[in-house]
Amino acid sequence: QKEVEQDPGPLSVPEGAIVSLNCTYSNSAFQYFMWYRQYSRKGPELLMYTYSSGNKEDGRFTAQVDKSSKYISLFIRDSQPSDSATYLCAMSGPTGNQFYFGTGTSLTVIP
Amino acid sequence: DVKVTQSSRYLVKRTGEKVFLECVQDMDHENMFWYRQDPGLGLRLIYFSYDVKMKEKGDIPEGYSVSREKKERFSLILESASTNQTSMYLCASSFLGGAYEQYFGPGTRLTVT
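All of these numbers come straight from a predicted model, not from anything done at the bench. (Residues numbered from 1 in each chain as written. Chains lettered and ligands numbered in written order. Predicted model: local features only at pLDDT ≥ 70, side-chain atom pairs only at ≥ 80, totals over all residues. Heavy atoms only, no water.)

Colleague: I keep staring at the environment of Asp59(B) and nothing clicks. Help me out?
Modeller: With respect to the element layout, Asp59(B) can be found in the loop between β6 (54-57) and β7 (64-70). Taking the C-alpha atoms as reference points, Asp59(B) and Arg14(B), separated by 45 residues in sequence, lie 25 Å from one another. (Helix = DSSP H or I, 4+ residues; strand = E, 2+ residues; numbered from the N terminus.)

Printed below as a string of structure tokens:
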């Protein structure tokens, strides 16, 4: 079983839609939960991170962590064409070499 | 602005060659990481370093070694390149204790023929 599972998509939505991206994980020791965005031919860039359970909001982006279900989500409100990218979830445990990425979900926002 | 640079965007090498991938960061970060990214497999950690001359194996260290002689520079070495090491290689850095906030370079697309 993979440490982190993420639906690869692709996901295609009209501009202005609410987008929901999700990951599940198996290791209950994970403490930090991150979302990265990767544009084509670029390295990933950190969007936001959450420590333990709960919600975190940053502008149009909201990250949710449910540790009891081992499930994390990223919501994008009022999606824009510039949000078209691959979104990667990532998780880390208490030691530096416990760091796992999902395979990424490809998102296209159609004008 | 954090800057992580990698020595090449594209590299083509032959089987059996020794390959060096260089990464430099300008934010005085203690942690540096090497990943490879493959379709359907995502990013997988090869090695990371939390200090000069210190290193820890990640998930897939076989066939790779690393060197960190200076804080700002982290090198990935393929001792004898093989075709299954054809991949996108990404370097990242973070401050100590902040591995959740990694800054990535643009990547090196390595092709081994």
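Colleague: Help me understand the pairing of strand β3 (residues 19-25) of chain B, please; the structure alone is not making it clear to me.
Modeller: Every other side chain in a regular strand lies on the same face of the sheet, so the side chains alternate between the two faces. Residue and element names in this part refer to chain B. Of the two faces of β3, only the one carrying Val19, Leu21, Cys23 and Gln25 is buried; Phe20, Glu22 and Val24 on the other face are not. Bridge count between strand β1 (residues 4-6) and β3: three bridges; the pairing is antiparallel. Paired with Val4 across the two strands is Gln25, which belongs to β3. Of the pairings in the sheet, the one linking β3 to strand β8 (residues 73-78) comprises six bridges and is antiparallel in character. Paired with Cys23 across the two strands is Phe74, which belongs to β8. (Buried < 20%, exposed > 50% of the residue type's maximum accessible area, 1.4 Å probe, protein only. Pairing = 2+ DSSP bridges.)

Colleague: What's the story with the side chain of Ser75(B) in this structure? I'm lost.
Modeller: Residue and element names in this part refer to chain B. Residue placement: Ser75 occurs in strand β8. Here Ser75 falls in the buried class, since its relative accessible area comes to 9%. Looking at Ser75, its side chain comes within polar contact range of the side chain of Glu22, at 2.7 Å. The residues contacting Ser75, other than those within four sequence positions of it, are Leu21, Glu22, Trp34, Ser65, Val66 and Ser67. (Polar contact = N/O pair within 3.5 Å; in protein donor to acceptor, adjacent residues only side chain to side chain. Contact = heavy atoms within 4.5 Å.)

Colleague: Help me out: how do you make sense of the pairing of strand β8 (residues 71-76) of chain A in this one?
Modeller: Residue and element names in this part refer to chain A. Relative to β8, strand β3 (residues 19-25) runs antiparallel, the two being bridged by six bridges. The partner of Asn22 across the bridge, within β8, is Ser73. Bridging between strand β7 (residues 61-66) and β8 involves six bridges; their strand directions are antiparallel. Across the sheet, residue Phe61 finds its bridge partner in β8, namely Ile76. The turn linking β7 back onto β8 is made up of four residues, and Lys70 within it adopts a positive phi angle of 55 degrees.

Colleague: Would you explain the nonpolar core in this entry?
Modeller: One recurring pattern in soluble globular proteins: nonpolar side chains tend to sit buried together. Residue and element names in this part refer to chain A. Core analysis: the biggest nonpolar cluster contains 25 residues, and Trp35, Ile72, Leu74, Ile76, Tyr87 and Met91 have the highest contact counts within it. The set of elements that each furnish at least two residues to this core consists of β3, β4 (32-38), β5 (45-51), β7, β8, β9 (85-92) and β11 (105-110). When sequence neighbours within four positions are dropped, the list of residues in contact with Ile76 reads Ala17, Ile18, Val19, Leu21, Arg60, Phe61, Asp83, Tyr87 and Leu107. (Core = buried A, V, L, I, M, F, W, Y, C linked by side-chain atoms within 4.5 Å.)

Remember, this is a structural readout, not a statement about activity or role.
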